[in-house]
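Architecture and fold: a report
Each chain is listed here by its residues.
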Amino acid sequence: MHATLSAPGRAPLASPIVPAPPEVPVTHVATVLTPAERIRLDAAGQGLYQSTHHDSVAAALRDVRAARAAAVVLSVKYCERTSPDPIAMMVREFPRVTTVALLSELGPRTPQTLMTLGTSGVRRVIDVRDASGWRLLRSALSDERGNAVQRLALGRLADDLAGASPDCWRFFEAMFLSPPWVRSIRCLCRRLEVLPSTLMSRFFRARLPSPKTYLAMARLVRAAYLFENRGFSVANVANHLEYSSPQSFGRHMRAMVRMTPMEFREQYDGEGMLERFRADLVLPHLAGLRGLAPLRYRRGQCVARSRRRSRVSEP
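These notes cover the structure that comes with them. (Residues numbered from 1 in each chain as written. Predicted model: local features only at pLDDT ≥ 70, side-chain atom pairs only at ≥ 80, totals over all residues. Heavy atoms only, no water.)

Looking at the layout of surface pockets
This is how the line gets drawn: Lining residues are those with an atom within 4 Å of a point, where the points come from a 1 Å grid over the protein atoms alone and group into cavities, where a 1.4 Å probe fits but cannot get out, or pockets, open sets with protein on both sides within 12 Å along at least five of seven lines. Grid points are joined across faces, edges and corners, and a volume is the space filled by probe spheres set on the points. The numbering of helices and of strands both runs from the N terminus, where a helix is a DSSP run of H or I of at least 4 residues and a strand a run of E of at least 2.
Put simply, the second largest pocket is a space of about 240 Å³. The wall of the second largest pocket is formed by 14 residues, among which Arg-183, Ala-216, Arg-219, Tyr-243 and His-252 lie closest to the centre. Listing elements by their share of the lining of the second largest pocket, those giving two or more residues are α11 (211-227) and α13 (246-257). Here the lining of the second largest pocket gets five residues from one element, more than from any other, and that element is α11.

Some details on the pattern of salt bridges
Spelled out, the test is: Throughout this description, the term salt bridge denotes a Lys or Arg side-chain nitrogen within 4 Å of a carboxyl oxygen of Asp or Glu. Relative accessibility thresholds used throughout: buried, under 20% of the residue-type maximum; exposed, over 50%; partly exposed, between the two (1.4 Å probe, protein chains only).
The full count for this structure, using the stated rule, is 12 salt bridges. We note a salt bridge from Arg-65 to Glu-93, for which the minimum N-O separation is 2.9 Å. In this pair, Arg-65 sits in helix α2 (residues 57-65) while Glu-93 sits in helix α4 (residues 85-93), placing the two residues 28 residues apart along the sequence. When its relative accessible area of 30% is taken as the criterion, Arg-65 is described as partly exposed. Two residues, Asp-280 and Arg-276, come together in a salt bridge whose shortest N-O distance is 3.1 Å. You can see Asp-280 and its partner Arg-276 sitting in helix α15 (residues 270-282), four residues apart, about one turn around the helix. What makes Asp-280 partly exposed here is its relative accessible area of 36%. When salt bridges with common partners are traced through the structure, they connect Arg-156, Asp-160, Glu-271, Glu-275 and Arg-278 into a single cluster.

Examining the packing of aromatic side chains
Two descriptors summarise a pair of aromatic rings, namely the distance from one centre to the other and the angle between the planes of the rings. Spelled out, the test is: By convention, a stacked pair of Phe, Tyr or Trp rings (six-membered ring in the case of Trp) has centres within 6.5 Å and planes under 30 degrees apart, an edge-to-face pair has planes over 60 apart, and any other such pair is tilted.
Evaluation of the coordinates by the stated rule reveals 12 aromatic pairs. Every member of this aromatic cluster is reached through a ring pair, and the members are Phe-171, Phe-172, Phe-176, Phe-203, Tyr-214 and Phe-277.

Brief notes about the pairing of strand β4 (residues 98-103)
For the record, the criterion: Should DSSP find at least two bridges between two strands, the strands are taken to pair.
Most of β4 sits out of view: five of its six residues are buried. The pairing of strand β3 (residues 71-75) with β4 spans five bridges and is classified as parallel. Paired with Ala-71 across the two strands is Thr-98, which belongs to β4. Here four bridges tie β4 to strand β5 (residues 124-127), and the two strands are oriented parallel to one another.

Things to note about the sheet that holds β5
Basically, it comes down to this: The angle between two axes is taken between their N-to-C directions and runs from 0 to 180 degrees, where each axis is a line fitted to C-alpha atoms and a helix contributes only its stretch in contact.
The five strands lie next to each other as β2-β1-β3-β4-β5, forming an open sheet whose pairing is parallel. Only two strands of the sheet have a single partner each, and these edge strands are β2 (49-54) and β5. The average undirected angle you get between the axes of adjacent strands in this sheet is 25°.

Here you go:
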């Protein structure tokens, strides 16, 4: 144990405040594996992904349909003794959900099974018979951390907002990387440690659209990406984005883009909606965004400033 030393009659020196590390999204993986493969998969992915093990493709598909899994890992050995039809249906309905076949041993039917998986739409087979295969699997699944369209969005916005302040960039990062429950400006401000009134006034003074508009449109970018999976219903997407109901989701969409969810699905994919986000909210406002410092005073700083003012105003 380390003691804190201080001079006699003085209070101990305060420890420096160490900022919390940024949250790292964890990939949720549905698996259909042999018992031995399950143990090794869990050991290989500790801290990178969280796996839920199932005994059938139909059970894994329920996780995918409920938006509880961003990737599926199938055992080639399991696929040798089952029909390829459920696998083909899953890949066809959820093309944005990564599906990986895991090869841990060779058998007489392995070559034929691999050909069948390819025909079913599975494009990636990883041979894990040695350590390098497990490293490759870790890389393949960690690449899926966070939403692909979110990574695409931040890549495009990094070019658009070159020269913007770190505060401005942190605002856009928070919009696209926060979990779905961050659905209001109040929630977003708690994560950014800034008062809502401060954030809104900064945007207003810079003559920019409101932070609420930016957040609402960013959520529609996520919705468009999810709609690319034809297996997701409107209710699935609404639940995944934590709207109170499909009806609330529909009202929000009509208010923002004047479309029903089904019309929106037909018109926009994730990249298309991202381009609309940029065209409406970023590219026409580059000068204002590059000069914006929306988080200059954090919540604690604002409270401290208020206390100092009240002390000065006392008689």
